[in-house]
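Take a look at the letters that make up each chain.
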Amino acid sequence: MNHGEDERFDMCRLLGYAAPVPVTTRSVLSGNQSAVFQDMTQLHKDGWGSAWLAADQHTPGEHSTADALTTVHKQRSPETGAGSLDLTQALAERLSSAQIVHLRMATDGMACHAENTHPFLVDGLAFAHNGSLMPAETIDAFVEPSILAGLRGDTDSERYFAVIRSKIAAGHTLFDAVCDTVAELRPLFPDASMNALILSHDALIAVHASADAEVPHDLFDASGLSEADLPQDHRTAYYLMRQRRLDDGTMIFASSGLDIVGWEPLPAESVTRVDLATLATETRVLSPV
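Before going into details, it helps to say that this report is about the structure given with it.

Analysis parameters
- Residues numbered from 1 in each chain as written.
- Predicted model: local features only at pLDDT ≥ 70, side-chain atom pairs only at ≥ 80, totals over all residues.
- Heavy atoms only, no water.
- Helix = DSSP H or I, 4+ residues; strand = E, 2+ residues; numbered from the N terminus.
- Expected span 1.5 Å × (residues − 1).
- Buried < 20%, exposed > 50% of the residue type's maximum accessible area, 1.4 Å probe, protein only.
- Contact = heavy atoms within 4.5 Å.
- Core = buried A, V, L, I, M, F, W, Y, C linked by side-chain atoms within 4.5 Å.
- Pairing = 2+ DSSP bridges.
- Axes fitted to C-alpha atoms, helices over the stretch in contact; angles between N-to-C directions.

Structural notes on helix α5 (residues 156-169)
Phase 1: Helix length check: α5, at 14 residues, gives a terminal C-alpha distance of 20 Å against a target of 20 Å (1.5 Å per residue), a fit within 8%.
Phase 2: Within α5, 12 of the 14 residues are buried, which leaves it mostly tucked inside the rest of the structure.
Phase 3: Among the residues of α5, Asp 156, Ser 157, Glu 158, Arg 159, Tyr 160, Phe 161, Ala 162, Val 163, Ile 164, Arg 165, Ser 166 and Lys 167 are the ones counted as buried.
Phase 4: On the buried face of α5, the contacting elements are β5 (120-122), β6 (125-130), α4 (145-149), α6 (174-185), β7 (195-199) and β8 (203-208).

Quick look at the structure:
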């Protein structure tokens, strides 16, 4: 994949967990890995965000009302997470039974403002993506017109999310909507990463669909970071998503950059659902392109 001057790319880091009781991201990752994740903002410096489950606090604009007891909330910033106290607190102090976190690295033409910052949250569903589906306008034909008219940013990622939302509006379950969206869009973007995390009030879903996506070495070269400062595995496995099951049943998903001891790759071209009530998982391997 050549990153031409007229092309725009969003490369990101994804992290998510589902636990039996409210915990912090730092405690789930253990050791210094929460700090290691935040250090990735030296490269992925164009905004950050998180979505998590919490009791409904009736905070206008910061949550949906999908469930009477637990609600998906969000926090987003188009500013760098490097040295951000808010990001540190989100990782080290926020208690939740499920949370996703996104670090953004935008390239030429992609605006760093709130509307383009992940995760996107609509109707109790949060979505964060790592990859680029260009040209983004190609996706519009798969989006229900009223949903398309309501998009607020200009990213391919928000459009990807809109396809999922369109399928839910048509009667699909969330899991089926995600699987069908990835399968439907894959032929249009055969070499792209569709890796994503989706959080609802009752499920955490991880998409690992990036089998033929090329590592963006030119973006790393242009970052000004030394090889020693690049996060772990970025040159060799940038798009690889891994998972880990802890002894208490907690499920964790993460893109590369963390200590991988005890982690295993998610199946290629797959979608995995975690039931937040039981922490049981279901994985669907999608048909190859």
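Focus on the environment of Pro 22
Phase 1: Mapped onto the elements of the fold, Pro 22 is located in strand β1 (residues 10-23).
Phase 2: The exposure class of Pro 22 is exposed, given its relative accessible area of 54%.
Phase 3: With 32 residues separating them in the primary sequence, Pro 22 and Ala 54 have C-alpha atoms 8.8 Å apart.
Phase 4: When residues no more than four places from it in sequence are discounted, the contact partners of Pro 22 are Leu 95, Ser 96 and Ser 97.

Quick word on the nonpolar core
Phase 1: Phe 127, Tyr 160, Val 178, Ile 198, Val 207 and Val 271 are the most contacted members of the largest nonpolar core, which has 30 residues in total.
Phase 2: Breaking this core down by element, the ones donating at least two residues are β6, α5, α6, β7 and β8.
Phase 3: The residues contacting Ile 198, other than those within four sequence positions of it, are Leu 125, Ala 126, Phe 127, Leu 174, Val 178, Ala 203, Leu 204, Ile 205 and Val 207.
Phase 4: Counting residues in hydrophobic clusters, the runner-up holds 21 residues, among them Ala 18, Leu 121, Met 251 and Val 274.

Section: unusual backbone geometry
Phase 1: In this structure, the amide linkage connecting His 118 to the following residue, Pro 119, adopts the cis form with an omega of -5°.
Phase 2: Structurally, Pro 119 is set in the loop between β4 (96-106) and β5.
Phase 3: Looking along the chain, the bond that leaves Met 134 and enters Pro 135 is cis, with omega of 0°.
Phase 4: Along the chain, Pro 135 turns up in the loop between β6 and α4.
Phase 5: Even without being a glycine, Ser 30 presents a positive backbone phi close to 65°.

Quick word on the pairing of strand β10 (residues 251-254)
Phase 1: Judged by which residues are buried, β10 turns out to be covered on both faces: Met 251 and Phe 253 on one side and Ile 252 and Ala 254 on the other are all buried.
Phase 2: Relative to β10, strand β9 (residues 242-245) is paired through 4 bridges, and the arrangement is antiparallel. For Gln 243, the partnering residue across the bridge sits in β10 and is Phe 253.
Phase 3: What sits between the antiparallel neighbours β9 and β10 is a turn of 5 residues, in which Gly 249 has the positive phi angle 100°.

Details of the side chain of Ser 34
Phase 1: Along the chain, the position of Ser 34 falls in helix α2 (residues 33-39).
Phase 2: Ser 34 sits in the buried class, given a relative accessible area of 5%.

Focus: the sheet that holds β5
Backbone hydrogen bonds hold the strands of a sheet together, and the pairing may be parallel or antiparallel.
Phase 1: Taken in spatial order, the 6 strands of this open sheet run β5-β6-β7-β8-β12-β13, and their pairing is antiparallel. Both outer strands of the open sheet, β5 and β13 (281-285), are each paired with one neighbouring strand and no more. Averaged over neighbouring strand pairs, the angle between their axes works out to 15° when direction is ignored.
Phase 2: Of the strands in this sheet, β5, β6, β7 and β8 touch α5, which is tilted by about 140° from β6.

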